[in-house]
Amino acid sequence: MANRLLTFARLAYEVARRSVPDRRHRFAPKRYTQPQLLACVLLKEYLRLDYRTAREAIELSGPLRETLGLRTVPDHTTLWRFAQAGATPEVVATALVETVALLKESGRGAESGTDPPLVAIDSTGLFCGHASRYFEQRRAKGAPSTHRARAYQKWAAALWTGPQLVTAQLSKPGPCGDYPDLPPLAEQSVASVPGARILADAGYDSEANHTFCRDVLGVDSLIPAKTRRYVAGPRGRYRAEMVTALGCATLGVAGQPGPRATYGQRWLVETLMSVVKRKWGEALTARLPAMQEAQALLRGLVYNLYRLVVLGVQPTFASP
């Protein structure tokens, strides 16, 4: 049986090789390549270690060094600087697309899922503080309600429900509304999973979101219409359609799943949020705002690599 940690490292290295060039510029030091550094950062996040401990763990493991082609292990400051400057949202987004491509190349993408494929969208909050929960509770006692509000890092993700892979993600300071996040998440998801049907909860409800999905992307969307306090009923063609579609019977024509049954698959994205928080924690360890954004996005990428390991996907290139 293959070692799952080594399989994760091989997949992380292959995705990194596909996502970033070996050198950032021609004058860059040639001691380590960018794919090697990105793979080390992904291992650090996967194992829930700090940079110093991650460096020591890789140094102690000969198979890990061999898998990543490392003659010497990068210093923890080198890994931190790369995470700050090299693990940008654009790089992570490219790597996320490559994880979906790896699944399709393995032939497993067509084995699970529905036709058309479903993409569920949701968001959650990740704590940014470093104080213990006990200290936070003690501090909140007796404090005015206005002082109890605490900012967090919002992480929004789109999940391909068949293989349960993240197809797109966003990270921004919270709290903030959900509905502006749907167009970029849906657009990136449809690029990776053509023809996907978009599922989202009522927080993403707006006529503009339905119009973008259906008229711009050419895909179906299922989003419950919220009751507005200032409107008697849902305004807009597509929002009115949702009242009928999501209130219909469980089965559609000829025994096929109807919109309501299809919408029931949206809960899988909540499972994604639960798995990420259970395996990698509900708090971010980064302190700088830019690093907190990067770490939230890296967790989505690490989750995808973890899913590839679970699904039995093997890297296609030979280890260096």
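## Let's talk about the overall build of the protein
Part 1 of the reasoning: The helix and strand inventory of the protein stands at 14 helices and 5 strands.
Part 2 of the reasoning: Burial analysis of the protein (320 residues in total) assigns 48% to the buried set.
Part 3 of the reasoning: In the protein, once contacts between residues fewer than 6 apart in sequence are set aside, the share between residues at least 24 apart is 69%.
Part 4 of the reasoning: As presented, the protein carries roughly 16000 Å² of accessible surface, and 53% of it is formed by carbon and sulfur atoms.

## Re the sheet that holds strand E1 (residues 118-127)
Part 1 of the reasoning: The strand order across the open sheet formed by 5 strands is E3-E2-E1-E4-E5, and the pairing between neighbours is mixed. Of all strands in the sheet, those with a lone pairing partner are strand E3 (165-174) and strand E5 (221-222), marking the two edges.
Part 2 of the reasoning: In this sheet, strand E4 (residues 197-200) lies alongside E1 in parallel orientation, the contact comprising 4 bridges. Within E4, the residue paired with Ile121 across the bridge is Ala200.

## Comments concerning the nonpolar core
Most often, soluble globular proteins have nonpolar side chains that are buried together.
Part 1 of the reasoning: Counting 88 residues, the largest nonpolar core has Ile121, Leu182, Ile198, Leu272, Tyr303 and Leu305 as the members making the most contacts within it.
Part 2 of the reasoning: Broken down by element, the residue count for this core peaks at 11 residues, all from helix H14 (residues 289-310).
Part 3 of the reasoning: Not counting chain neighbours up to four residues away, the residues in contact with Leu182 comprise Ile121, Ile198, Ala200, Tyr204, Asn209, Cys213 and Ile223.

## Regarding helix H11 (residues 237-245)
Part 1 of the reasoning: Buried within H11 are the following residues: Tyr238, Arg239, Met242 and Ala245. Buried residues of H11, viewed axially, fall in a sector of 120°; they line one side. Projecting away from the buried face of H11 at angles above 90 degrees are the exposed residues Arg237, Val243 and Thr244.
Part 2 of the reasoning: Considering only its buried residues, H11 is in contact with helix H10 (207-216), E5 and helix H12 (259-263).

## A look at the environment of Pro173
Part 1 of the reasoning: Within the element layout of this structure, Pro173 appears in strand E3.
Part 2 of the reasoning: With 20 residues separating them in the primary sequence, Pro173 and Gln153 have C-alpha atoms 4.7 Å apart.
Part 3 of the reasoning: Here Pro173 is in contact with Tyr152, Gln153 and Lys154, once residues within four sequence places are set aside.

## Concerning the pairing of strand E2 (residues 152-160)
Part 1 of the reasoning: Most of E2 sits out of view: 8 of its 9 residues are buried.
Part 2 of the reasoning: Sheet analysis places E2 next to E3, joined by 9 bridges and oriented antiparallel. Residue pairing for E3: Lys154 is matched across the bridge by Lys172.
Part 3 of the reasoning: Linking E2 back to E3 in an antiparallel pair, the connection comprises 4 residues, with Gln164 at a positive phi of about 60°.

## Details of the side chain of Gln34
Part 1 of the reasoning: One can find Gln34 in helix H2 (residues 34-46).
Part 2 of the reasoning: By relative accessible area, which is 10% here, Gln34 ends up buried.
Part 3 of the reasoning: What Gln34 contacts, discounting residues up to four positions off in sequence, is Val20, Pro21, Asp22, Arg23, Arg24 and Phe82.

## Structural notes on the environment of Arg31
Part 1 of the reasoning: Secondary-structure assignment places Arg31 in the loop between helix H1 (4-19) and H2.
Part 2 of the reasoning: The exposed category is assigned to Arg31, whose relative accessible area is 62%.
Part 3 of the reasoning: As for Arg31 and Arg71, which are separated by 40 residues in sequence, their C-alpha atoms are 9.1 Å apart.
Part 4 of the reasoning: When sequence neighbours within four positions are dropped, the list of residues in contact with Arg31 reads Arg23 and Thr72.
Part 5 of the reasoning: In this structure the side chain of Arg31 is engaged in a polar contact, spanning 3.4 Å, whose partner is the side chain of Tyr32.

## Section: the packing of aromatic side chains
Part 1 of the reasoning: All told, the structure shown has 4 aromatic pairs when counted by the stated rule.
Part 2 of the reasoning: Seen from their ring centres, Tyr46 and Trp280 are 6.4 Å apart, and the 45° between their planes marks the pair as tilted. One end of the pair, Tyr46, is in helix H2; the other, Trp280, is in helix H13 (residues 267-280), and 234 residues separate them in sequence.
Part 3 of the reasoning: Tyr46 sits in the buried class, given a relative accessible area of 18%.

## Observations concerning the confidence of the model for the protein
Part 1 of the reasoning: Residues of the protein with pLDDT of at least 70 account for 84%, and the chain-wide mean is 86.
Part 2 of the reasoning: When the elements of the protein are averaged for pLDDT, helix H8 (residues 145-148) gives the smallest value, 48, and H2 the largest, 96.
Part 3 of the reasoning: Low confidence marks residues 248-255, where pLDDT is under 50. Its contacts with residues over four positions away, or in another chain, come to 11 contacts.

## Comments concerning helix H6 (residues 89-106)
Side chains three or four residues apart in an α-helix point the same way, a direct result of the helix having 3.6 residues per turn.
Part 1 of the reasoning: Counted at 1.5 Å a residue, the expected span for H6 with its 18 residues is 26 Å, and the 26 Å between its end C-alpha atoms agrees.
Part 2 of the reasoning: What H6 keeps buried is the set Val91, Val92, Ala95, Leu96, Glu98, Thr99, Val100, Leu102 and Leu103.
Part 3 of the reasoning: In this fold, the buried residues of H6 make contact with H1, H2, E2, E3, helix H9 (182-192) and H14.

Cut-offs applied
Residues numbered from 1 in each chain as written. Predicted model: local features only at pLDDT ≥ 70, side-chain atom pairs only at ≥ 80, totals over all residues. Heavy atoms only, no water. Helix = DSSP H or I, 4+ residues; strand = E, 2+ residues; numbered from the N terminus. Buried < 20%, exposed > 50% of the residue type's maximum accessible area, 1.4 Å probe, protein only. Contact = heavy atoms within 4.5 Å. Areas by Shrake-Rupley, 256 points an atom, 1.4 Å probe, with all protein chains shown as cover. Pairing = 2+ DSSP bridges. Core = buried A, V, L, I, M, F, W, Y, C linked by side-chain atoms within 4.5 Å. Arc of directions from axis to C-beta. Polar contact = N/O pair within 3.5 Å; in protein donor to acceptor, adjacent residues only side chain to side chain. Phe/Tyr/Trp six-rings, centres within 6.5 Å; stacked < 30°, edge-to-face > 60°. pLDDT = per-residue confidence, 0-100. Expected span 1.5 Å × (residues − 1).

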